[in-house]
Amino acid sequence: MIKVVIVDDDPMVRTGLRLILGGEPDLDLVGEAGDGRQAMAVIRDLRPDVVLMDLRMPQQDGLTTIELLLGRPAPPRILVLTTFDADDMVLRALQLGAAGFLLKDTPPPKMIEAVRTVARGEPVLSPSVAQQVIAAATGRYAAEVPEARRELARLTEREREVAIELARGSSNAEIAKSLSVSVATVKANITRIFAKLGTDNRVHVAMKVRDAGLL
């Protein structure tokens, strides 16, 4: 069972998420909270696998809550909930270590699958939204283009191919199919990419690829 906690200050959103997730046999909706302070206590007591986290909340916002949660030992995977697909707060949440984000109007089947995907240890970042977030971020860092190119020059040809697929928002399985390799090979390449670029975040890799002009 995948234990899930919902954190959102809108009772209607929480109700909708309960209806979407509650009927799935492998998802156990163990609790919810209306703001970040409540969330800290709920998550501490219930130890969920996945947290659906709103960003704009009273008392304590989502960014602060994410940073505090991910500073704890064995933190949950966090999926950001947002109504905006290219928002500074979303980008910051990903930089802090959130596993990905969902628009609040994501179709129920995709939302359910996103929770399962994150629980497996894979990030969730849809291609269309990924491009908008990357564009919003890299617009501020045009001066870093030469540095991005130098960093990506450390990658092998195969690692560069995988990095480009990451920047397109592809999952590990999609990358494996596109490059005609195994998922295990993709994971090994991603590990090496992270090591060479000094990160553990797909969004950071995607930003480097975009800065370097490889998309």
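What comes next concerns the included structure. (Residues numbered from 1 in each chain as written. Predicted model: local features only at pLDDT ≥ 70, side-chain atom pairs only at ≥ 80, totals over all residues. Heavy atoms only, no water.)

### Brief notes about the overall build of the protein
To be explicit about the condition: Under the scheme used here, helices are H or I runs from DSSP no shorter than 4 residues and strands are E runs no shorter than 2 residues, and both carry numbers assigned from the N terminus. Only the protein chains shown count as cover for residues, and the accessible areas themselves come from Shrake-Rupley with a 1.4 Å probe.
Looking only at helices and strands, one finds 11 helices and 5 strands in the protein. Surface accessibility of the protein: about 10,200 Å² in total, with carbon and sulfur atoms responsible for 52%.

### Considering the pairing of strand 4 (residues 77-82)
The test is simple: Per-residue accessibility, obtained with a 1.4 Å probe over protein chains only, is compared with the maximum for each type, and a residue is labelled buried under 20%, exposed over 50%, and partly exposed between these values. Each pair of strands is called paired provided DSSP finds at least two bridges between the two strands. Viewed with both strands pointing away, a crossover whose connecting path from the first strand over the helix to the second turns clockwise is right-handed.
Counting buried residues along strand 4, 5 of its 6 residues qualify, which places the element largely inside the surrounding structure. When strand 3 (residues 50-54) meets strand 4, the two strands line up parallel, connected through 5 bridges. Pairing of D54 across the sheet is with L81, part of strand 4. Taken together, strand 3, helix 3 (residues 62-70) and strand 4 constitute a β-α-β crossover, and its handedness is right-handed. In terms of strand pairing, strand 4 meets strand 5 (residues 100-103) through 4 bridges, oriented parallel. Following the sheet pairing, L79 is matched in strand 5 by G100.

### With respect to the nonpolar core
The following threshold applies: Residue types Ala, Val, Leu, Ile, Met, Phe, Trp, Tyr and Cys, when buried and joined through side-chain atoms within 4.5 Å, form a set referred to as a nonpolar core.
With 25 residues, the main nonpolar core has V7, V51, M53, L55, I66, V80 and A93 as its most contacted residues. Secondary structure elements with two or more residues in this core: strand 1 (2-7), helix 2 (36-46), strand 3, helix 3, strand 4, helix 4 (88-96) and helix 11 (202-211). Take this core: its biggest share by element is 5 residues, from helix 4. Counting 20 residues, the second-largest nonpolar core is a separate cluster that includes A148, L152, V186 and I190.

### Some words on the side chain of E151
As a reminder of what qualifies: Polar contacts, as counted here, are pairs of nitrogen or oxygen atoms within 3.5 Å of one another; within protein the pair requires one atom able to donate a hydrogen and one able to accept it, and residues that are adjacent in sequence qualify only if both atoms are side-chain atoms. A contact between two residues is defined here by any heavy atoms of the two lying within 4.5 Å.
Structurally, E151 is set in helix 7 (residues 145-152). Separated by 2.9 Å, the side chains of E151 and K208 make a polar contact. Among residues more than four places away in sequence, those in contact with E151 are L197 and K208.

### Side note on unusual backbone geometry
Phi is positive for Q59, which is not a glycine, with a value near 70 degrees. Tracing the sequence through the fold places Q59 in the loop between strand 3 and helix 3.

### A closer look at helix 5 (residues 108-119)
Note the following rule: Between the first and last residue of a helix there are one fewer steps than residues, each counted as 1.5 Å, and that sum is the expected span.
Relative to the 16 Å expected for 12 residues at 1.5 Å per residue, helix 5 spans 17 Å between its end C-alpha atoms, a close match to the ideal helical length. Buried within helix 5 are the following residues: M111, I112, A114, V115, T117 and V118. Where the residues of helix 5 are buried, they touch strand 1, helix 1 (11-21), strand 2 (27-33), strand 3, strand 4 and strand 5. Note on helix 5: the residue one or two positions beyond its end, G121, has a positive phi of about 100 degrees.

### So, the sheet that holds strand 2
Heads up, the rule is: Every axis corresponds to a line fitted to the C-alpha atoms, with the helix fit spanning only the stretch in contact, and the corresponding angles, defined between N-to-C directions, vary from 0 to 180 degrees.
Pairing within the open sheet is parallel, and its 5 strands lie in the order 2-1-3-4-5. The outermost strands of the open sheet, each flanked by one partner alone, are strand 2 and strand 5. Going from strand to strand, the sheet's axes swing by 25 degrees on average, the running direction of each strand aside. Pairing of strand 1 with strand 3 involves 4 bridges; the strand directions are parallel.

### A word on the pattern of salt bridges
What counts, and what does not: What makes a salt bridge here is a side-chain nitrogen of Lys or Arg within 4 Å of a carboxyl oxygen of Asp or Glu, nothing more.
Applying the stated criterion across every chain, the model contains 14 salt bridges. A salt bridge links E113 to R120, with the nearest nitrogen and oxygen atoms 3.6 Å apart. You can call R120 exposed: its relative accessible area is 53%. One salt bridge in this structure joins E159 and R192, with 3.0 Å as the shortest N-O distance.

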